[in-house]
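Each chain, letter by letter, is given below.
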Amino acid sequence: GENVEQHPSTLSVQEGDSAVIKCTYSDSASNYFPWYKQELGKRPQLIIDIRSNVGEKKDQRIAVTLNKTAKHFSLHITETQPEDSAVYFCAATSPFSGTYKYIFGTGTRLKVLA
Amino acid sequence: NAGVTQTPKFQVLKTGQSMTLQCAQDMNHEYMSWYRQDPGMGLRLIHYSVGAGITDQGEVPNGYNVSRSTTEDFPLRLLSAAPSQTSVYFCASKNTGELFFGEGSRLTVL
């Protein structure tokens, strides 16, 4: 089955700097890679996702890159702000191929220092 | 449109007691799932369902039962609670890509 590894577990950056979180996955059948943000005491919410037919996707200050050959994908946050402080989770799944398990990484706690 | 609704939000149990966490969604999603969240362990999949009458095990199914008699509801049952089941539980549903989470249920087993 799918296994997703996420690094680092904690990350501290100065406000305005960039943050990068990396994930690797094991199942080559996975073709959908979302990122979720969880603020303290709240539910996880989707912030960006990428499908396997695309190498990069950007939405304002956040971007995700995917390397299918190496089976890894990364979240990039530029010009970080205090409200970016949260726990971020990556996931890998293949919703259109009949493999329905939606497996998450162990999370990265991002702290943006003012 | 309430989304995914979980009850109760908080529960304290004694070891050996049983209980059911309720989950309901009003988005007509076929896929529903339960996760537990523990510090440093991320979100671990307990059970999932791809439609009424169909359930399957996730990563950590032991000690939990589920059923899916309707599209809307997906209850999670703890038959004999153990301290190791102290956790925050999230129910989530989806159609294709994005998972929609409930607000979570914090369970403490003494």
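Relevant structure appears above.
These numbers come from a predicted model, not from an experiment.

Enquirer: Before we go on, may I ask you to explain the sheet that holds strand β6 (residues 56–59) of chain A in this structure?
Expert: Remark on secondary structure: sheet strands pair via backbone hydrogen bonds, oriented parallel or antiparallel. All names here are of chain A. Read across the open sheet, the five strands follow the order β1-β3-β8-β7-β6; overall the sheet is antiparallel. Sheet topology places β1 (4–7) and β6 at the edges, where each strand pairs with a single neighbour. On average, each strand axis in the sheet is inclined to that of its neighbour by 15°, with strand direction left out of account. Across four bridges, the pairing between β1 and strand β3 (residues 19–25) is antiparallel. In the sheet register, E5 faces β3, and the bridge partner there is T24.

Enquirer: Explanation requested: the state of the cysteines in the structure shown.
Expert: Counted according to the given criterion, the structure contains two disulfides over all chains. Paired through a disulfide, C23(A) and C90(A) show a sulfur-sulfur distance of 1.9 Å. Between C23(A) and C90(A) the sulfur-sulfur dihedral comes to about -100°; the bridge is accordingly left-handed. Separated by 67 residues along the polypeptide, C23(A) in strand β3 and C90(A) in strand β9 (residues 86–94) bring together distant segments of the chain. Per residue, the accessibility class of C23(A) equals that of C90(A), and both read buried. In this model, C23(B) is linked to C91(B) through a disulfide, with the two sulfur atoms separated by 1.9 Å.

Enquirer: In this structure, what is going on with the side chain of S93(B)? I would like to understand it.
Expert: All names here are of chain B. Within the secondary structure, S93 is located in strand β9 (residues 87–94). In this structure the side chain of S93 is engaged in a polar contact, spanning 2.8 Å, whose partner is the side chain of H29. Apart from the residues lying within four places of it in its own chain, the contact partners of S93 are V4, Q25, M27, H29, Y31, M32, E98, L99 and F100.

Enquirer: Just checking my understanding: could you explain the nonpolar core for this structure?
Expert: Generally speaking, a soluble globular protein has its nonpolar side chains buried in company with each other. W35(A), Y102(A), F104(A), L99(B) and F101(B) are the most contacted members of the largest nonpolar core, which totals 41 residues. It is β9(A) that provides the largest number of residues to this core, a total of seven residues. Among residues more than four places away in sequence, those in contact with L99(B) are Y36(A), Y102(A), F104(A), Y31(B), S33(B), Y35(B), A92(B), S93(B) and K94(B).

Calculation rules
- Residues numbered from 1 in each chain as written.
- Chains lettered and ligands numbered in written order.
- Predicted model: local features only at pLDDT ≥ 70, side-chain atom pairs only at ≥ 80, totals over all residues.
- Heavy atoms only, no water.
- Pairing = 2+ DSSP bridges.
- Helix = DSSP H or I, 4+ residues; strand = E, 2+ residues; numbered from the N terminus.
- Axes fitted to C-alpha atoms, helices over the stretch in contact; angles between N-to-C directions.
- Disulfide = S-S within 2.5 Å.
- Buried < 20%, exposed > 50% of the residue type's maximum accessible area, 1.4 Å probe, protein only.
- Polar contact = N/O pair within 3.5 Å; in protein donor to acceptor, adjacent residues only side chain to side chain.
- Contact = heavy atoms within 4.5 Å.
- Core = buried A, V, L, I, M, F, W, Y, C linked by side-chain atoms within 4.5 Å.

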